[in-house]
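Here is what each chain is made of, one letter per residue.
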Amino acid sequence: MAISEDMHRVAHHLQQKAVAAAVNERDSYARSCYNRYYYSVYLECRQMLSGMDSSWASLSHAGYPALLGGKIKRNFQAERKKAFKNHDSDLVNIIDKANRSIAELQKIIIKANTTRVVADYEPDEKVDFVGADRFSLRSINVTEAHGWTNSVRTHCKTISSAWRQSNA
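Note that the structure is a prediction, hence the values are computed from the model and not measured.

Moving on to the packing of aromatic side chains. Taken as a whole and assessed by the stated rule, the structure comprises 8 aromatic pairs. Ring centres of Tyr-38 and Tyr-39 lie 5.0 Å apart, and the angle between their planes is 75°; on these two criteria the pair is classed as edge-to-face. The exposure class assigned to Tyr-38 is buried, which follows from its relative accessible area of 1%. Arranged with centres 5.9 Å apart and planes meeting at 80°, the rings of Phe-76 and Trp-163 form a pair that is edge-to-face. Highlighted residues: Phe-76 in helix H3 (residues 63-85) and Trp-163 in helix H5 (residues 142-166), separated in sequence by 87 residues. These aromatic residues form a ring-pair network of at least three members: Tyr-38, Tyr-39, Tyr-42 and Tyr-64. The ring of Phe-129 carries the charged tip of Arg-26 above its face, separated from the ring centre by 3.9 Å. Taking NZ or CZ as reference, Arg-116 lies 5.1 Å from the ring centre of Tyr-38, over its face.

Okay, here's the thing in structure tokens:
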């Protein structure tokens, strides 16, 4: 988790540099900020997934949402059926919560990656600076991007905990 926290700190530093920079440098700092916020999300997810199955550590970035919504969700569905059949309402609730976290995590990963791709490969799409300390890229406010890591961390903990309990 330390690497993702470091990445998040770097992103925040770049966010501050972007708003303080000269006009001709602001866009580059802001783009780098979004890139680092994305990588903080990516590293959080990779840590969770590799803890669930070491072979998932080498999965491509784009494969994360599919894995979450596919194999992991199917595993939870099967385990939920067993728990329901065994009248284990606590485990059913834990798995239901994990499934909600999967859906939210997929949304964040897709949004963060899409924003990173725009930041890295679409230089004609300018960062919109609003006020003294805020900016957005393709309608993704930097405040939202700043919050991705904490949200992802929470969802990952929920999913990991459910995985351990349902696959014990």
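That covers the picture; the talk isn't over yet.
Membership of the largest hydrophobic core comes to 46 residues, with the highest contact counts inside it found for Leu-49, Leu-68, Ile-72, Phe-76 and Leu-105. Secondary-structure elements contributing two or more residues to this core are helix H1 (2-20), helix H2 (23-52), H3, helix H4 (89-121), strand S2 (134-137) and H5. Discounting residues that sit within four places of it in the chain, Leu-49 has contacts with Trp-56, Tyr-64, Leu-67, Leu-68 and Ile-72.

Two strands pair when backbone bridges link them, and strand S1 (residues 128-130) and S2 are joined in this way by 3 bridges, in the antiparallel orientation. Note on S2: the bridge partner recorded for Val-130 is Arg-134. In sequence, S1 turns back onto S2 through a hairpin of 3 residues, with Gly-131 there showing a positive phi of about 70°. One ladder, built from 2 bridges, connects S2 with strand S3 (residues 140-141); its direction is antiparallel. The residue of S3 that forms the bridge with Leu-137 is Ile-140. Linkage of S2 to S3, two consecutive antiparallel strands, is achieved through a turn of 2 residues, within which Arg-138 is found at a positive phi near 50°.

What counts, and at which threshold
Residues numbered from 1 in each chain as written. Predicted model: local features only at pLDDT ≥ 70, side-chain atom pairs only at ≥ 80, totals over all residues. Heavy atoms only, no water. Phe/Tyr/Trp six-rings, centres within 6.5 Å; stacked < 30°, edge-to-face > 60°. Buried < 20%, exposed > 50% of the residue type's maximum accessible area, 1.4 Å probe, protein only. Helix = DSSP H or I, 4+ residues; strand = E, 2+ residues; numbered from the N terminus. Lys NZ or Arg CZ within 6 Å of the ring centre and 35° of its normal. Core = buried A, V, L, I, M, F, W, Y, C linked by side-chain atoms within 4.5 Å. Contact = heavy atoms within 4.5 Å. Pairing = 2+ DSSP bridges.

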